[in-house]
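# Examining the three-dimensional arrangement
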Amino acid sequence: MKKKWIALIAVLALIALGATAAAVTFITIGSGGVGGTYYPLGGAMAEILTKADIGVKATSRSTAASKENCRLVASGKAQIGMSMGSTLYQAYTGTEAFEQDGKLPLRILMHMYPAPQHVECIALIQREIM
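Attention here is on the structure that accompanies the text. In this text, all values refer to a predicted model and were calculated from it rather than measured experimentally.

## So, the overall build of the protein
- Looking only at helices and strands, the protein features 5 helices and 3 strands.
- Listed N to C, the secondary structure of the protein is α-β-α-β-α-β-α-α in terms of helices and strands.
- If you take every contact in the protein between residues at least 6 apart in sequence, the share linking residues at least 24 apart comes to 58%.
- Surface summary for the protein: the accessible area is close to 8500 Å², and the carbon and sulfur share equals 63%.

## Re unusual backbone geometry
- Of note in this structure, alanine 65 is not a glycine but carries a positive phi near 85 degrees.
- Assignment of secondary structure puts alanine 65 in the loop between β2 (56-61) and α3 (66-75).
- Classification of alanine 65 as buried rests on a relative accessible area of 19%.

## Quick look at the pattern of salt bridges
- One pass over the full model with this rule turns up 2 salt bridges.
- A salt bridge links lysine 51 to glutamate 47; the shortest N-O distance between them is 2.9 Å. With a gap of 4 residues between them, lysine 51 and glutamate 47 both fall in helix α2 (residues 38-51), about one helical turn apart.
- Between arginine 71 and aspartate 101 there is a salt bridge; the shortest N-O distance is 2.8 Å. With arginine 71 in helix α3 and aspartate 101 in the loop between α4 (85-93) and α5 (116-129), this residue pair connects regions lying 30 residues apart in the sequence.
- Classification of arginine 71 by relative accessible area gives partly exposed; the value is 32%.
- When its relative accessible area of 35% is taken as the criterion, aspartate 101 is described as partly exposed.

## Observations regarding the packing of α3 against α4
- At a minimum axis distance of 9 Å, the contact between α3 and α4 shows a crossing angle of 40 degrees. Taken as axis vectors, α3 and α4 run oblique relative to one another. Of the two possible hands of crossing, α3 and α4 adopt the one that is right-handed. Listed contacts from α4 to Ser66, Lys67 and Cys70 of α3 are Thr87, Leu88 and Ala91.
- Along the lines of polarity and charge, the residues of the contact of α3 with α4 split into 3 nonpolar, 2 polar and 1 charged.

## Details of the sheet that holds strand β1 (residues 25-30)
- Read across the open sheet, the 3 strands follow the order β2-β1-β3; overall the sheet is parallel. Edge positions in the sheet fall to β2 and β3 (80-81), since each has one partner strand and no second.
- Two elements, β1 and β2, share 6 bridges in a ladder whose sense is parallel. Residue pairing across strands places isoleucine 29 opposite serine 60, the latter belonging to β2.
- Against the sheet, α2 touches β1, β2 and β3, its axis set at about 170 degrees to β2.

About the criteria used
- Residues numbered from 1 in each chain as written.
- Predicted model: local features only at pLDDT ≥ 70, side-chain atom pairs only at ≥ 80, totals over all residues.
- Heavy atoms only, no water.
- Helix = DSSP H or I, 4+ residues; strand = E, 2+ residues; numbered from the N terminus.
- Contact = heavy atoms within 4.5 Å.
- Areas by Shrake-Rupley, 256 points an atom, 1.4 Å probe, with all protein chains shown as cover.
- Buried < 20%, exposed > 50% of the residue type's maximum accessible area, 1.4 Å probe, protein only.
- Salt bridge = Lys/Arg side-chain N within 4 Å of Asp/Glu carboxyl O.
- Axes fitted to C-alpha atoms, helices over the stretch in contact; angles between N-to-C directions.
- Parallel < 35°, antiparallel > 145°, perpendicular 65-115°, else oblique.
- Left-handed = near helix turned anticlockwise from the far one by under 90°.
- Nonpolar A, V, L, I, M, F, W, Y, C, P; charged D, E, K, R; others polar.
- Pairing = 2+ DSSP bridges.

Have a look at this one:
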């Protein structure tokens, strides 16, 4: 009888550990080319998210930057994508470079660093969302 209880507890422990391991959320961050600013930022973000003990395993992916990142996030192939504000605005409104794509279902996560085009275009998108 004692062996049955030990076996049952062992099985329950394995199930609990398996459920914990399955609870990890995988995130891909679309950054930019290896020689650009976005690439090291994406790597640092992935490292911070992975080490934060919040059930996330993040990886940064080298991409062609803003336009590709908008398309990757919209298609679900990336969960976070870095973009210049002007490109993000075009993707969100389906204009200029994104006329063939139409409006992409994107949301703003954060403002990375000061750049005039980031502040101006992100403010425009926030007004449209509200």
